[in-house]
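# Chain and residue survey
This is what each chain is made of:
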Amino acid sequence: MIRLLCLVAVLLLVTAAPAAAHNVTAGADLRIAQTIDGAELTVVIKGTSRVPGPLRIGVVAYEPVTTLRLGLQVRSVEDGRTVTGTAEAAPRDPRYTELTVTRTGPHELTLRAGDEVAVIPFRVLVERGSAGDFLIYGGLFLAGTLLVGGVLTGAIARRGTAMLLAGGAAAGVTVAAMVVVFEQSLPAPPPDGAGPVAATPVGGRPFAQGKVVTVPDRPAQGEEFTLRLDLVDGSTGRPVDDLAVHHEAIAHVVVTSEDGRYFRHVHPLRTAPGRLEVRLRADRPGRYFAHTEVERQDSGGQLLTGAFTVRPGDAPAGESVQAAAVAPRLQPVAPVAGRPATIELDAPAGVRPWLGMTGHLLVRSQDGAFMGHVHEMGTPGSRLRFTFSFPEPGRYLAWAQYATADRIVTAPFTVDVAAAGSAR
Amino acid sequence: MKRLAAVAVLVAAAVALFVAGGNAAAEPLRASTTGTRYAATVLIEEPVTGRVSVKVVVDSGDADTLAVSAVMPDMGHSTPELTAREQRPGRFLAEGELFSMSGVWDLSLRFDGPAGEEQLTVKALIGDG
């Protein structure tokens, strides 16, 4: 009978409540790449362990690494309380600006640089004490108190009462001991400030549709323009404003000219709900592709594609890709469609992680219909190694990217992929 | 002694259930949000599927009208706007069907007034009605 009761109690403890899922973890840095005022930066928000408490914000510069001052404003969406400060971008170990937040929950960080403004939504979360700790310490406290009471009562010869108190003490010790054993299985309480979570996770949100436009409509060669992406939920028609940070950005936009001689991998600013914008300058007239990777919260990633045209202009070319001559080593030498191929490049010493990875490889089919984004997986030595299965035969345009101490290097090359069976 | 041990185990199970399962019931919703023109607090005594009453207290801003609608991001559900009645200045009440299933919903408040239109959103955990 006792064994049966023990088994029931164990099962109840293990299955008492469903596990909750969170997109943000208290205490973990939030890192968001932003292309702002002509610079490629990563904004780092360090969480706080209490409220009121310090929220520390730093900005890491990747290109250019010259000093750039940014205006910061943190606003609680719940009560509207706003604090402001400034941050200076630095290539490494930025000086963190400390702003005080007075409550948990949804907030907005407004970044200002030049005449550009980005608004980044985020949640301030603070961990709570766990139910397990409460049970362990509560159970032991109860046991200790009752044992003392039992001994005293026994001493004055009230046997029944003493047994009752001893029984209570045994219950307290049992609770504490069982929780020590099963604490790992107990659900952690949601942090203070976390959004509501459904008891039954659905898993996957509807698709986002993206509309790509330029402002002005047909920018001239060498002229600065804004590439705008409006995201709309395919099921509700509402703006998509729930993008998750993936690979340290809410969106990765790759802009390439049709001929592949222009390449930019940028991280647009959220300027309004569902609206992302980035300023660019294209150095040659013609047709351009914009491939955008986004990931909605609790969902998988998706690729949105768009195209625009740059007309000939009087202005000279405004910028060019920081291209490095490169001779990648392919394995097999003639990659075959549908089979893994490995691309290896030499890299200088001192490559630093960018967007959470040592290296990135962007691969585009010649017609722009396909875009792949491959990550370097931690190859030892001064090498970058990527493995990718090219989906179809044909010529692919490829750009490998990595960050050094003073810039982001882009190494362009092409890969010719043979059809399966053609090599036999 | 056996009885005593059995009682101890039962007490342990009851305490664990109380702590771990204490948040299972749908609790009244109270959420505040601020925009650039308006700030408001939303109160739903019984946030469940079916007919609900949504009370909105305008904490700042001069709102003439308020329309309430809802979206369930996980499922892509969307419900039509309910026009809220202004019971007295700064206090609105919207009644009707907003949430077609239990889960997490985004409740949108579309204010209009001399300062212009603004839409604010709060998250709402909806239980079964």
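Residues numbered from 1 in each chain as written. Chains lettered and ligands numbered in written order. Predicted model: local features only at pLDDT ≥ 70, side-chain atom pairs only at ≥ 80, totals over all residues.

Within an unreviewed UniProt entry, the label attached to chain B reads YtkA-like domain-containing protein, and the organism entered is Nonomuraea aridisoli.

If you look chain A up in an unreviewed UniProt entry, it shows as Secreted protein from Nonomuraea aridisoli.

### Some details on the overall build of chain A
What counts is decided by this rule: Numbering of helices and strands runs from the N terminus; a helix is a DSSP stretch of H or I covering at least four residues, while a strand is a stretch of E covering at least two. Here exposure depends only on C-beta density: within 10 Å of a residue's C-beta, 20 or more other C-beta atoms make it buried, 12 or fewer make it exposed, and intermediate numbers make it partly exposed, the C-beta atoms being placed from the backbone. Contact between two residues is assigned when their C-beta atoms, built from the backbone, lie within 7 Å.
The secondary structure content of chain A amounts to three helices and 23 strands. Counting across all 424 residues of chain A, residues that qualify as buried make up 34%. Sequence separation of at least 24 residues holds for 66% of the intrachain contacts in chain A that already meet a minimum separation of 6.

### What about the pairing of strand E23 (residues 408-417) of chain A?
All names here are of chain A. The condition that has to hold: At least two DSSP bridges between two strands are required for those strands to pair.
Judged from the ten bridges that link them, strand E22 (residues 394-403) and E23 form a sheet pairing that is antiparallel. Looking at the pairing, Arg395 lines up with Asp416 of E23. Taking the residues that link successive antiparallel strands as the turn, the E22-E23 hairpin has four residues.

### Digging into the nonpolar core
Formally: Only buried Ala, Val, Leu, Ile, Met, Phe, Trp, Tyr and Cys residues enter a nonpolar core, and they are joined through C-beta atoms within 7 Å.
Grouped together as the largest cluster of nonpolar side chains are 74 residues, with contacts concentrated most on Leu41, Val59, Leu72, Leu111, Val255 and Ala398 of chain A. Counting residues per element, this core draws most heavily on E22 of chain A, which supplies seven residues. In this structure Val59 of chain A touches Leu41, Val43, Leu70, Ala87, Ala89 and Pro94 of chain A, once residues within four positions along its chain are discounted. Ala63, Leu98, Val104 and Trp105 of chain B belong to the second-largest nonpolar core, a separate cluster that totals 31 residues.

### Some thoughts on unusual backbone geometry
All names here are of chain A. Omega for the bond connecting Val51 with Pro52 falls within 30 degrees of zero, at -10 degrees, which places this linkage in the cis form. Note that Pro52 resides in the loop between strand E2 (39-46) and strand E3 (53-63). With an omega dihedral of 0 degrees, the bond running from Val215 to Pro216 counts as a cis peptide bond. Among the structural elements, Pro216 can be located in the loop between strand E9 (208-215) and strand E10 (224-233). You will see that Glu248, though not glycine, has its phi angle at about 65 degrees, which is positive. Considering the arrangement of structural elements, one finds Glu248 in the loop between E10 and strand E11 (252-257).

### Side note on the sheet that holds strand E18 (residues 340-346) of chain A
Residues and elements named next belong to chain A. Formally: Only the stretch in contact is used when a helix axis is fitted, and all axes are lines through C-alpha atoms; the angle between N-to-C directions ranges over 0 to 180 degrees.
Read from one edge to the other, the open sheet built from three strands follows the order E17-E18-E21, with strand pairing classed as antiparallel. Unpaired on one side and paired on the other, strand E17 (329-331) and strand E21 (383-389) mark the two borders of the sheet. Recorded for the sheet is a direction-independent mean angle of 20 degrees between the axes of neighbouring strands. Relative to E21, E18 runs antiparallel, the two sharing seven bridges. Across the sheet, residue Thr342 finds its bridge partner in E21, namely Thr387.

### Overview of the domain arrangement of chain A
Residues and elements named next belong to chain A. Put simply, the test is: Boundaries of every domain are those given by an automatic assignment or by a domain database. Ten residues, namely Ala, Val, Leu, Ile, Met, Phe, Trp, Tyr, Cys and Pro, are considered nonpolar, four, namely Asp, Glu, Lys and Arg, are considered charged, and the remaining ones, Gly among them, are considered polar.
Annotation of chain A at the domain level lists domain 1 (30-124), domain 2 (129-185), domain 3 (208-310) and domain 4 (329-417). Here the C-alpha centre of domain 4 lies 22 Å away from the C-alpha centre of domain 3. The partner domain 4 presents twelve residues to the 14 residues of domain 3 that form the contact. For the side of domain 3 that touches domain 4, the secondary structure elements donating two or more residues are E11, strand E12 (263-266) and strand E15 (286-295). A breakdown of the residues in the side of domain 3 that touches domain 4 according to their chemical character gives five nonpolar, six polar and three charged.

### Focus on the sheet that holds E2 of chain A
Residue and element names in this part refer to chain A. Spatially, the four strands line up as an open sheet ordered E1-E2-E3-E6, and their pairing is antiparallel. Either end of the sheet is taken by a strand with one partner, and the two such strands are strand E1 (30-36) and strand E6 (97-101). Taking each pair of neighbouring strands and ignoring which way they run, the sheet shows an average axis angle of 30 degrees. Inspection of the sheet shows E2 paired to E3 by seven bridges, in the antiparallel sense. Residue pairing across strands places Thr42 opposite Val60, the latter belonging to E3.

### With respect to the confidence of the model for chain B
Low pLDDT marks regions whose predicted coordinates should not be analysed in detail. Residue and element names in this part refer to chain B. We apply this condition: Confidence of the prediction at every residue is given by pLDDT, a number between 0 and 100.
Considering every residue of chain B, the mean pLDDT works out to 88; 81% of them sit at 70 or more. The least confident element of chain B, judged by mean pLDDT, is helix H1 (residues 2-20) at 56; the most confident is strand E2 (residues 39-44) at 98. Low pLDDT (under 50) marks residues 19-24, which in the prediction has ten contacts with non-local residues, meaning those over four places away or in another chain. Our summary of model confidence lists the complex with pTM equal to 0.82 and ipTM equal to 0.77.

### A closer look at the confidence of the model for chain A
Taken as a whole, chain A shows an average pLDDT of 86; of its residues, 88% reach a score of 70 or greater. Taken as a whole, residues 4-24 of chain A scores under 50 in pLDDT and shows 37 contacts with residues more than four places along the chain or in a different chain.

### Section: the environment of Ala70 of chain B
Along the chain, Ala70 of chain B turns up in strand E4 (residues 65-72). Along the primary structure Ala70 of chain B and Val56 of chain B are separated by 14 residues, whereas in three dimensions their C-alpha atoms are 14 Å apart.

### Points about the environment of Gly168 of chain A
All names here are of chain A. Here Gly168 is to be found in helix H3 (residues 159-182). Given 21 C-beta atoms within a 10 Å radius, Gly168 is considered buried. Sequence spacing of Gly168 and Leu361 is 193 residues, and the spatial spacing of their C-alpha atoms is 65 Å.

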